[in-house]
Amino acid sequence: MISTFKKSLPAIFSFCTLALALEGMIYWDLISYTLIPAPSMVLGVLKTLHKEFTDAFLESFSNTVQGLGLSILIGGLIAIVFSLSELLKRAILPFAVFFQTVPIIAIAPLLVIYFGFGSPTVIASSFIVSLFPVIANTLIGLESPPRLQLDLFKVQQASALQTLYKLRLPWAYTHIYAGLKISAGLSIVGTIAGEFVAGGGLGAMIDSARTQQRVDIVFAALLLLSLMGLIFVGTLAFGNKWILQRRPFDK
Amino acid sequence: MTTEAIEIHRLNKSFGSRKVIEDLDLQIQAGAFVSLMGPSGCGKSTILRLLAELEPLSSGQISHSKENLSLVFQEANLLAWRTALENVLLPFEINPQLSVTPEDERKERALRALQQVGLQDASSLFPHQLSGGMKMRAALARALVTRPRLLLLDEPFAALDEMTRFELQIQLRNLWIQDKMTVVFVTHSITEAVFLADRIVCLKAPGAKILLDHKVDLPIERTNTLRTTSQYNQQVETISMRLRS
C-alpha cells in the first residue's frame, strides 16, 4: 500500500502543481473562468451539488460495471467459441469488427428506440463499446500457446476442452488482462455517450451543464469520471497483482 | 508388463515438395535404448514426431502401441503457472488412461517421479524458480510418471551445460535400467549417443537414409568414469571414422 502511494507520488505532485498553476492563472485573469474554471470553483460546485453528483456518479458507475461485466462475460464466451471452431470464427468475426468501428454516438439513438430512456440503453452502449477488445485479446491469447505445449497435450490425448481450460485459458491470462484494461476505459466512454442520449448519470449532467454554459459542472463531472477510471484501473491492477503473486501466468 | 517394439516400414514423409524421409525401414526391439543420430535437418526429429503421431505420415507404416507413450521435448516445456509437482501431475488430469488413477496414488507417483530425478525438494517451486537443468529434470519426471513403455526424447539435454548434461545422462540411463522401457533418443552428438544408447542409428540428409546402424559394446551401467576409458573412446572413434568415410 505504502509502495503504491510512493509510486503515485509523481502523478499526485504534477496534478497538484497543475491545479495550483491554473488557480493562479485564473486569479490573475490570465485565463477566463468562463472557459476553464478554477479548481476552487470545481471543488465548490462539487460541494454545493454533492447530492446530485453522488447520485449521478453512482448511476454511471453502476451502468459501467454492468456494461463491462456483460462485455467480459459475452466477449469471453465468444472468444472461447471462436477458438474452438475455426468455421464459426470465419463466419462471425468480421461482424464483431462492427463493434470496434461503428461510432457509438451514431447508433445510440437506435438503442434508445430499442431499450427506451435510462439504464438499459446506457448499459447496452457501454457493452457495445467495450466488447471488441475483450474478444480480440482473449482470442489472441487462446490461439497463441507455443506449439510444443500443444504437442504435449496432444501426446497425452487431452480433449479440446481440457486443452482449453488447462492450457489455452491460463496461457491467455496476460492477453485477457490487457484487453480488460482497454475495455475498462472504453466502457466509461460508452456509458457517457449512452447517457447523452438516454439520460441519467454524469453524462446527462454534462449535457445539461453544456446548455447552461456551466463549465464548472462539466469539469467537476470530468474529475469524477477520471476518478471512476482510476477505480477501474486500480482494481484491475490490484487483482492482477494478487493473482500473479499466487500463479505466475506472466512468466 | 510387456514392452512394445517399433516397426517402421517404407516410411515416407514430405513437407510440400521437400522429401524429409524416404522409404525408411527400421525395427526397434522392445526394451531397447536406441539413439537416432545425424546432422540438423536429416529428419530425426520428424521420425520422433511421426512416432508420437504429431505429424501425419505421407505413406508407409509405423506400428507400435500409441498408449503409454511419453515424449520429452528439446525444451522443458513446463506450464509456467503450475508448480513442479503440479506439472508432473498434469498427465493424470488430461490423459484418459490415467484419469482413473485415485488422487492419493497420483500424488504418490508424482512425488516418486520427482524423487527419481532428484527434485524432491523443489516440488512446490514454479518453473521460473528452477534452473535449466532442474526444469529438464521436471520434464523427465512428467514423462516418467505415466510409466511409459515407449519414451521418446528429442535432444532434451542440448541446451544444458556440460556438467548438468552428464549428470542427466547418467540419471536417464539408470531410470532405463530400472524400468526397461523402449527409449528412442534423438541427438546430434556422437559422445552422447555412445554414452547413452545400446544401438546407434545414424541418418543422413536428404531422405533420412540410414548411414550406419551400430551396436554399442559397453557395460549396461554407465558412469562418468566410463567417459575416460579407452573402450568408450574407441566406440566414439569407430562411429566417427565410419561417418567420415
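Residues numbered from 1 in each chain as written. Chains lettered and ligands numbered in written order. Predicted model: local features only at pLDDT ≥ 70, side-chain atom pairs only at ≥ 80, totals over all residues. Heavy atoms only, no water.

J.: I'd love a proper account of empty space enclosed by the protein, names of residues and values included.
T.: For the structure on display, the rule yields one cavity of 30 Å³ or more. Of the volumes computed, that of the largest cavity is approximately 80 Å³. In terms of lining residues, the largest cavity is bounded by 13 residues, among which L152(A), L71(B), A139(B), R142(B) and A143(B) are the most central. Within the residue set of the lining of the largest cavity, elements represented by two or more residues are α7 (147-155) of chain A together with β5 (69-72) and α4 (132-144) of chain B. Residue classes in the lining of the largest cavity are distributed as eight nonpolar, three polar and two charged. (1 Å grid on protein atoms, 1.4 Å probe; cavity = no way out; pocket = protein on both sides within 12 Å on 5 of 7 lines; lining within 4 Å. Points joined across faces, edges and corners; volume = space filled by probe spheres on them. Helix = DSSP H or I, 4+ residues; strand = E, 2+ residues; numbered from the N terminus. Nonpolar A, V, L, I, M, F, W, Y, C, P; charged D, E, K, R; others polar.)

J.: Explain helix α5 (residues 162-179) of chain B to me, and be specific about the residues and the numbers.
T.: All names here are of chain B. When the terminal C-alpha atoms of α5 are compared, their 26 Å separation across 18 residues agrees well with the 26 Å that a helix rising 1.5 Å per residue should span. Listing the buried residues of α5 in full gives T164, L168, Q169, I170, Q171, L172, R173, L175 and W176. Of the surrounding elements, those touching the buried residues of α5 are β3 (33-37), α3 (103-116), α4, β6 (150-154), β7 (182-187) and α6 (190-196). N-capping of α5 is provided by D161, with a side-chain oxygen placed 3.3 Å from the backbone N of M163. Just beyond α5, the residue with positive phi is K180, at close to 50 degrees. (Expected span 1.5 Å × (residues − 1). Buried < 20%, exposed > 50% of the residue type's maximum accessible area, 1.4 Å probe, protein only. Contact = heavy atoms within 4.5 Å. Polar contact = N/O pair within 3.5 Å; in protein donor to acceptor, adjacent residues only side chain to side chain.)

J.: Before we move on, can you summarise the pairing of strand β9 (residues 209-215) of chain B with the specific residues and values?
T.: Residues and elements named next belong to chain B. Summarising the sheet, strand β8 (residues 199-204) and β9 pair through six bridges and their orientation is antiparallel. Looking at β9, one finds that R199 is bridged to K215. Hairpin connection, β8 to β9: the antiparallel pair is bridged by four residues, and G207 has positive phi, about 90 degrees. (Pairing = 2+ DSSP bridges.)

J.: Any chance you could break down the packing of helix α6 (residues 119-142) of chain A against helix α8 (residues 160-198) of chain A for me, citing the residues and the numbers?
T.: All names here are of chain A. Two numbers describe how α6 lies on α8: the axes approach to 6 Å, and their chain directions differ by 155 degrees. Relative to α8, the element α6 is oriented roughly antiparallel. Here α6 runs over α8; the crossing is right-handed. (Axes fitted to C-alpha atoms, helices over the stretch in contact; angles between N-to-C directions. Parallel < 35°, antiparallel > 145°, perpendicular 65-115°, else oblique. Left-handed = near helix turned anticlockwise from the far one by under 90°.)

J.: Mind laying out the domain arrangement of chain A, listing which residues take part and the relevant values?
T.: Think of interface size as the accessible area that goes away when the parts come together; that is how it is often given. Residue and element names in this part refer to chain A. Its domain assignment divides chain A into domain 1 (1-31) and domain 2 (37-246). Each of domain 1 and domain 2 has a C-alpha centre, and these two points are 29 Å apart. Facing the five residues of domain 1 at the interface are five residues of domain 2. In total, about 410 Å² of surface goes out of reach between domain 1 and domain 2, with carbon and sulfur atoms giving 63% of it. Our count for the domain 1 to domain 2 interface comes out at zero salt bridges. At the junction of domain 1 with domain 2, the criterion picks out one residue pair in polar contact (both at pLDDT 80 or more). By residue class, the composition of the side of domain 1 that touches domain 2 is four nonpolar, no polar and one charged. (Domains from an automatic or database assignment. Buried area = accessible area lost by both parts, 1.4 Å probe. Salt bridge = Lys/Arg side-chain N within 4 Å of Asp/Glu carboxyl O.)

J.: A description of the pattern of salt bridges should follow, citing residues and the corresponding values.
T.: Applying the stated criterion across every chain, the model contains 20 salt bridges over all chains. Across the salt bridge formed by E86(A) and R90(A), the nearest N and O atoms sit 3.6 Å from each other. Here R90(A) and E86(A) lie together in helix α4 (residues 86-101), a separation of four residues that amounts to about one turn. Classification of E86(A) by relative accessible area gives partly exposed; the value is 41%. Note on R90(A): relative accessible area 62%, which makes it exposed. Taking the shortest distance from any N to any O, the salt bridge between K166(A) and E93(B) comes out at 2.9 Å. Here K166(A) is found in helix α8, whereas its partner E93(B) is found in helix α2 (residues 84-94) on a different chain. The class of K166(A) is buried, set by a relative accessible area of 17%. A relative accessible area of 22% places E93(B) in the partly exposed class. The network of salt bridges with shared partners includes E86(A), K89(A), R90(A) and E143(A).

J.: Give a detailed account of the confidence of the model for chain B, specifying residues and quantitative values.
T.: Taken over all residues, the pLDDT of chain B has a mean of 89, while the share at 70 or more is 98%. At the level of individual helices and strands, chain B shows its lowest average pLDDT in β9(B), which scores 85, and its highest in α2(B), which scores 96. (pLDDT = per-residue confidence, 0-100.)

J.: How would you sum up the state of the cysteines? Please name residues and give values.
T.: Residue and element names in this part refer to chain B. All told, the structure shown has zero disulfides over all chains when counted by the stated rule. Its sulfur unpaired, C42 is 9.1 Å from the next cysteine sulfur, which belongs to C202. Since its relative accessible area comes to 1%, C42 is described here as buried. The exposure class of C202 is buried, given its relative accessible area of 1%. (Disulfide = S-S within 2.5 Å.)

J.: Report on the packing of aromatic side chains, specifying residues and quantitative values.
T.: Going through the model one piece at a time under the given rule, you end up with nine aromatic pairs over all chains. Ring geometry for F61(A) against F232(A): centres 5.5 Å apart, planes inclined by 45 degrees, an arrangement best described as tilted. Of the two residues, F61(A) is situated in helix α3 (residues 50-84) and F232(A) in helix α10 (residues 215-246); the sequence distance between them amounts to 171 residues. On the basis of relative accessibility, which here comes to 25%, the residue F61(A) falls in the partly exposed class. With centroids separated by 4.9 Å and ring planes inclined at 25 degrees, the aromatic side chains of Y173(A) and F249(A) adopt a geometry described as stacked. Of the two residues, Y173(A) sits in helix α8 while F249(A) sits in the segment after α10, which places them 76 residues apart along the sequence. Its relative accessible area of 18% is what places F249(A) among the buried residues. Among the aromatic residues, those joined into a cluster by ring pairs are F33(B), F157(B), W176(B) and F185(B). The ring of W176(B) carries the charged tip of K180(B) above its face, separated from the ring centre by 4.9 Å. (Phe/Tyr/Trp six-rings, centres within 6.5 Å; stacked < 30°, edge-to-face > 60°. Lys NZ or Arg CZ within 6 Å of the ring centre and 35° of its normal.)

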